[in-house]
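So you can see what is in the structure, the chains are spelled out below.
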Amino acid sequence: MNPELQKRAINLGTSIGQGILLFDNKERREETEKENIKKARKYIIGIRKAGNFEKFADALIRIQERFLLSVSKELLQQINNDNFAYIQKFVIISLLNQVNPILRNQKKNNK
């Protein structure tokens, strides 16, 4: 697949993850990050479970509206029925790379 497209998908996942963590959290308080992740869980699952391009686009729209995020025009122009699953995988991996360290710290603190 196109390495540039892969890079854009990874960047989208990173921006979604950071957008979730920073939403209403300018001071980067860890407890607010955890609350944001809990609120975002259903949106993350929606992106992961999207079985076709239309559902994937709907999931992106929902997360954009909730967390005031933007998606690059270049990526939007390149997503289609043939490559959305490829893009989806890299978005999810990158997004989870952003939120999992916070969740991991939460589990360590609860033990």
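Bear in mind that the values here come from a model prediction, so they are computed numbers and not experimental data. (Residues numbered from 1 in each chain as written. Predicted model: local features only at pLDDT ≥ 70, side-chain atom pairs only at ≥ 80, totals over all residues. Heavy atoms only, no water.)

Visitor: What exactly am I supposed to notice about the overall build of the protein chain here?
Guide: Along the backbone of the protein chain there are five helices and zero strands. Each helix and strand of the protein chain, ordered N terminal to C terminal, gives the series α-α-α-α-α. With the principal axes as the frame, the protein chain shows a C-alpha extent of 45 × 25 × 25 Å. Put simply, the protein chain has 111 residues, and 38% of those count as buried. Summed over all atoms, the accessible surface of the protein chain reaches about 7000 Å², with 49% contributed by carbon and sulfur. A distance of 7 Å separates the average location of the 21 positive side-chain charges in the protein chain from that of its 12 negative side-chain charges. (Helix = DSSP H or I, 4+ residues; strand = E, 2+ residues; numbered from the N terminus. Buried < 20%, exposed > 50% of the residue type's maximum accessible area, 1.4 Å probe, protein only. Areas by Shrake-Rupley, 256 points an atom, 1.4 Å probe, with all protein chains shown as cover. Lys, Arg positive; Asp, Glu negative; His and termini not counted. Charge placed at Lys NZ, Arg CZ, Asp CG, Glu CD.)

Visitor: What is the right way to read the packing of helix α1 (residues 3–22) against helix α3 (residues 53–67) from this model?
Guide: The packing of two helices is summarised by the inter-axis angle and the distance between the axes. In the contact formed by α1 and α3, the axes pass within 10 Å of each other and the chain directions differ by 35°. Between α1 and α3 lies a crossing whose hand is left-handed. Contacts between α1 and α3 involve L12, I16, G19 and I20 on the former and, on the latter, L60, I63 and F67. Broken down by class, the residue content of the contact of α1 with α3 amounts to six nonpolar, one polar and no charged. (Axes fitted to C-alpha atoms, helices over the stretch in contact; angles between N-to-C directions. Left-handed = near helix turned anticlockwise from the far one by under 90°. Contact = heavy atoms within 4.5 Å. Nonpolar A, V, L, I, M, F, W, Y, C, P; charged D, E, K, R; others polar.)

Visitor: Quick question: what am I supposed to make of the side chain of T32 here?
Guide: Tracing the backbone through its elements, the reader meets T32 in helix α2 (residues 30–49). Residue classification places T32 among the buried positions, given a relative accessible area of 6%. Ignoring anything within four residues of it in the chain, the contact list for T32 reads F23, D24 and N25.

Visitor: Explain unusual backbone geometry here, please?
Guide: Note: most peptide bonds trans; most residues except glycine with negative phi. Here L68, not a glycine, exhibits a phi torsion of approximately 55°, which is positive. Relative to the assigned elements, L68 resides in the loop between α3 and α4 (73–78). On the basis of relative accessibility, which here comes to 67%, the residue L68 falls in the exposed class.

Visitor: Before we go on, may I ask you to explain the pattern of salt bridges in this structure?
Guide: Close approach of charged atoms lets side chains of opposite charge pair. The final tally for this structure, using the stated rule, is two salt bridges. E4 is the salt-bridge partner of R8, the closest N and O atoms lying 3.4 Å from each other. Pair noted here: R8 and E4 are both in helix α1, with a separation of four residues, about one helical turn. When its relative accessible area of 35% is taken as the criterion, E4 is described as partly exposed. For R8, a relative accessible area of 22% translates into the label partly exposed. Within this structure, E4, R8 and E74 form a network of salt bridges that share partners. (Salt bridge = Lys/Arg side-chain N within 4 Å of Asp/Glu carboxyl O.)

Visitor: Sorry if this is basic, but what is going on with the environment of R66 here?
Guide: Residue placement: R66 occurs in helix α3. Along the chain, R66 and F23 lie 43 residues apart, while their C-alpha atoms are 9.4 Å from each other. Beyond its immediate stretch of four places on either side in the chain, R66 contacts F23, K39 and Y43.

Visitor: Can you help me understand the packing of aromatic side chains in this one?
Guide: For any two aromatic rings, the description comes down to two numbers: the centre-to-centre distance and the angle of the planes. With the rule as written, the count across this model stands at four aromatic pairs. Ring centres of Y43 and F67 lie 5.8 Å apart, and the angle between their planes is 85°; on these two criteria the pair is classed as edge-to-face. Separated by 24 residues along the polypeptide, Y43 in helix α2 and F67 in helix α3 bring together distant segments of the chain. Across the pair, exposure class does not vary: Y43 and F67 are buried alike. (Phe/Tyr/Trp six-rings, centres within 6.5 Å; stacked < 30°, edge-to-face > 60°.)

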